[in-house]
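Observations on the model geometry
Here's the letter readout for the chains.
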Amino acid sequence: MKYIISLSLLTFFLSSAMIQKNTITKPQPSVYQPDSGKIIYETYCLACHQEDGSGVPNMNPPLIKTDWVLGDSTRLINVILKGLKNTEINGDSYSNEMPSHDFLTDYQIAEVLTYVRKSFGNQAGPISSEDVKKQRAKK
Amino acid sequence: MKNLILFVSIIALLTSFKSADKNPIKKAKLKADADNGGITLPKGFGALVVSEGVGKARHIAVSEKGDIYVRLAKLKDGKGTIILKDNNGDGKADESIGFGSFVGTGIVIGNNYLYASSDSSVVRYPMVKGSPDESKPETIVTGLELYSEHGTKSLALDDKNHLYVTFGAPSNVCQEKNRMKGSKGMTPCPILEWHGGVWQFDANKKNQKQADGFRYVTGIRNIVGLDWNKQQGELYAMQHGRDQLTTLFPEMYNAEQSAELPSEEFLLLKKGSDFGWPYCYHDRFQGKKILSPEYGGDGKKQEICEGKDKPIMAFPAHWAPNALMFYTGDMFPAKYKNGAFICFHGSWNRAPLKQGGYFVAFVPFGKDGKPSGDYEVFAEGFSGGTEVKNPNDAKARPVGLAQSADGSIYITDSVKGKVWRIIHQ
């Protein structure tokens, strides 16, 4: 009997935990959720930069093996805040203009950039909301 | 008199020998590669690889004597055009020579000149003994505004000494802030004054500015495939439709709708036509032009778009038609005569759905200058796989078309610059 009670208690806790997880719509700024950067990427970035981050030849630059992504985080944050055009990347030019995405929150920008810096074979350090906030204030 | 007749006959005989020993030998030696160079064609057709790669190829032209001129998007050893020569007549290039020091898309041979465009000018070279003289360039159009988005200039010549140049709009849909979510469409769209159409120039006058030309047609976002139809005496083009309906209006269009809208439009460019960009886009499911959401559209409303000029054919969205060529040769079966070949370079803006295009289509034409049936796949398999998820996966992407004097056609590829020659056996 005791066993059954503890089992049902366990089930109750598990399911309530699951329900709780499903009902969270806004990510908590303090907790890093690996999925949220991916979701932002899929919503705002994937159409141009593609699912694997390889971009489109001559049109939209790749996010792989480039110093623009792996290098200076300040420059990268500014690409999101201010957009980018007419810039040669790894010796190739890309015709499409990247619009400013300053409508994203500091947290969303940090999440998506951290996702990009850790995906598609990239291995670079995370970017924090604080980093983004600092750059936005400089505008 | 007797001597004169003898003299004339000898000359005639010599001339006929001379022309006879050129062409038949070339024809006799043309043989398709066993694997058709990795592409699939209708029965009776074969392909041979002329060159495995000349660089980042764009459009292509073939001279009367069979030399091939390929424009490049990126300099190769300081040169912007590659000349491929086949000296032994087997169809394969034996010689590759750089020509001209500027990159660009457009190239056309006519009026005894070779015309080539950069994104800011059009230059021509006189054809001397069948080859362009690189030392005598003449600038025909100059001082054009340089911009990266839709900045390439495609060319066409008519039979009345006019040169046609495309001026793509440096914009997706003329928003105040290009491609930015929530940014409104500008009314009237100021871009249309100098872009978003085709300008007509004098094909023989030097140093013309854009203002010296004439805005022949307007309301077109971007054209890469452009050709003069000799039989009809009319200009035709393929429009690249707008991007990103779902990124800009997620509440109105889901990813699937955005992947399928708008149409890539096949246009008959009658002088003075207005095809409606940026205010309108074409929806092939509803069969009409629809008001753009940036201008208050809801996916159904037409309003001003009802009066805009219509396409002669509507293709699935985002396939990126990068070359258009009317076939006038005799090598292919009769149904191909005066029909249109179209290179679909292949999409990027259908993600997360699988991409589309990456093939060469054929559209049969009637005597009225309109398509007489649906399009068919002519050449496919360029990408090297059955489906393309990301454009970078494609091994090759068709981008340019040309017809040679014998009626065979050439296709260029933008990835490595592979060149195929298609023959009918």
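Located above this text is the structure these notes cover.
Summary of the structure given here. Here the structure is a predicted model, which means the values were calculated and not measured. (Residues numbered from 1 in each chain as written. Chains lettered and ligands numbered in written order. Predicted model: local features only at pLDDT ≥ 70, side-chain atom pairs only at ≥ 80, totals over all residues. Heavy atoms only, no water.)

**Let's talk about the overall build of chain A**
What chain A contains, in helices and strands, is six helices and zero strands. Secondary structure elements of chain A occur, N-terminal to C-terminal, as α-α-α-α-α-α. A buried classification covers 40% of the 139 residues belonging to chain A. Sequence separation of 24 or more characterises 56% of the internal contacts of chain A that already satisfy a separation of 6 or more. Entry remark: accessible area of chain A is about 8,300 Å², with carbon and sulfur atoms responsible for 60%. (Helix = DSSP H or I, 4+ residues; strand = E, 2+ residues; numbered from the N terminus. Buried < 20%, exposed > 50% of the residue type's maximum accessible area, 1.4 Å probe, protein only. Contact = heavy atoms within 4.5 Å. Areas by Shrake-Rupley, 256 points an atom, 1.4 Å probe, with all protein chains shown as cover.)

**Quick word on the packing of aromatic side chains**
All told, the structure shown has 38 aromatic pairs over all chains when counted by the stated rule. Aromatic side chains Tyr336 of chain B and Phe362 of chain B sit 4.5 Å apart centroid to centroid with 55° between the ring planes, which places their arrangement in the tilted category. Placement of Tyr336 of chain B in the loop between strand 21 (321-326) and strand 22 (340-344) and of Phe362 of chain B in strand 23 (residues 359-363) is noted, with a sequence separation of 26 residues between them. Here the two residues Tyr336 of chain B and Phe362 of chain B agree in accessibility, since each one is buried. When the centroid spacing of 5.0 Å and the interplanar angle of 50° are considered together, the rings of Phe341 of chain B and Phe362 of chain B count as tilted. Note that Phe341 of chain B is positioned in strand 22 and Phe362 of chain B in strand 23, a separation of 21 residues in sequence. Classification of Phe362 of chain B by relative accessible area gives buried; the value is 0%. The ring of Trp68 of chain A carries Arg75 of chain A above its face, with NZ or CZ at 3.9 Å from the centroid. Here the basic side chain of Arg124 of chain B rests over the ring of Tyr113 of chain B, its NZ or CZ set 3.5 Å away from the ring centre. (Phe/Tyr/Trp six-rings, centres within 6.5 Å; stacked < 30°, edge-to-face > 60°. Lys NZ or Arg CZ within 6 Å of the ring centre and 35° of its normal.)

**Structural notes on the environment of Ile64 of chain A**
Residue and element names in this part refer to chain A. If you trace the backbone, Ile64 turns up in the loop between helix 2 (34-49) and helix 3 (67-70). Since its relative accessible area comes to 22%, Ile64 is described here as partly exposed. It is 6.3 Å that separates the C-alpha atoms of Ile64 and Gly53, two residues lying 11 residues apart in sequence. When residues no more than four places from it in sequence are discounted, the contact partners of Ile64 are Asp52, Gly53, Ser54, Phe120 and Asn122.

**A look at the environment of Leu76 of chain A**
Residue and element names in this part refer to chain A. For Leu76, the position within the fold is in helix 4 (residues 73-82). Residue class for Leu76 comes out buried when judged on its relative accessible area of 8%. Separated by 51 residues in the primary sequence, Leu76 and Ile127 have C-alpha atoms spaced 9.8 Å apart.

**Let's talk about the interface of chain A and chain B**
Each side of the interface is counted separately: chain A has 26 residues, and chain B has 21 residues. Of the roughly 2,000 Å² buried between chain A and chain B on both sides combined, carbon and sulfur atoms contribute 50%. For the interface between chain A and chain B, the tally reads three salt bridges. Between Glu51 of chain A and Lys389 of chain B there is a salt bridge, with the nearest N and O atoms lying 3.8 Å from each other. Run the count over chain A and chain B and you get 14 residue pairs in polar contact (both at pLDDT 80 or more). (Buried area = accessible area lost by both parts, 1.4 Å probe. Salt bridge = Lys/Arg side-chain N within 4 Å of Asp/Glu carboxyl O. Polar contact = N/O pair within 3.5 Å; in protein donor to acceptor, adjacent residues only side chain to side chain.)

**Digging into empty space enclosed by the protein**
Residues and elements named next belong to chain A. Counted according to the given criterion, the structure contains three cavities of 30 Å³ or more. As for the largest cavity, its lining consists of 38 residues, and the residues nearest its centre are His49, Pro61, Leu63, Val79 and Met98. The element that contributes the greatest number of residues to the lining of the largest cavity is helix 2, accounting for five residues. In this structure, the second largest cavity spans a volume of roughly 80 Å³. (1 Å grid on protein atoms, 1.4 Å probe; cavity = no way out; pocket = protein on both sides within 12 Å on 5 of 7 lines; lining within 4 Å. Points joined across faces, edges and corners; volume = space filled by probe spheres on them.)

**Notes on the state of the cysteines**
Per the counting criterion, the structure on display carries two disulfides over all chains. In this model Cys174 of chain B forms its disulfide with Cys189 of chain B; the gap between the sulfur atoms is 2.1 Å. Classification of the bridge connecting Cys174 of chain B and Cys189 of chain B rests on its S-S torsion, roughly 95°, and on that basis the disulfide is right-handed. Taken as a pair, Cys174 of chain B in the loop between strand 12 (162-167) and strand 13 (197-202) and Cys189 of chain B in the loop between strand 12 and strand 13 lie far apart in primary sequence, 15 residues in all. Accessibility expressed as a relative area gives 5% for Cys189 of chain B, which makes it buried. Sequential numbering of the bridged cysteines in chain B gives the disulfide pattern 1-2, 3-4. Residue Cys48 of chain A stays outside any disulfide, its sulfur separated by 8.9 Å from that of Cys45 of chain A, the closest cysteine. (Disulfide = S-S within 2.5 Å.)

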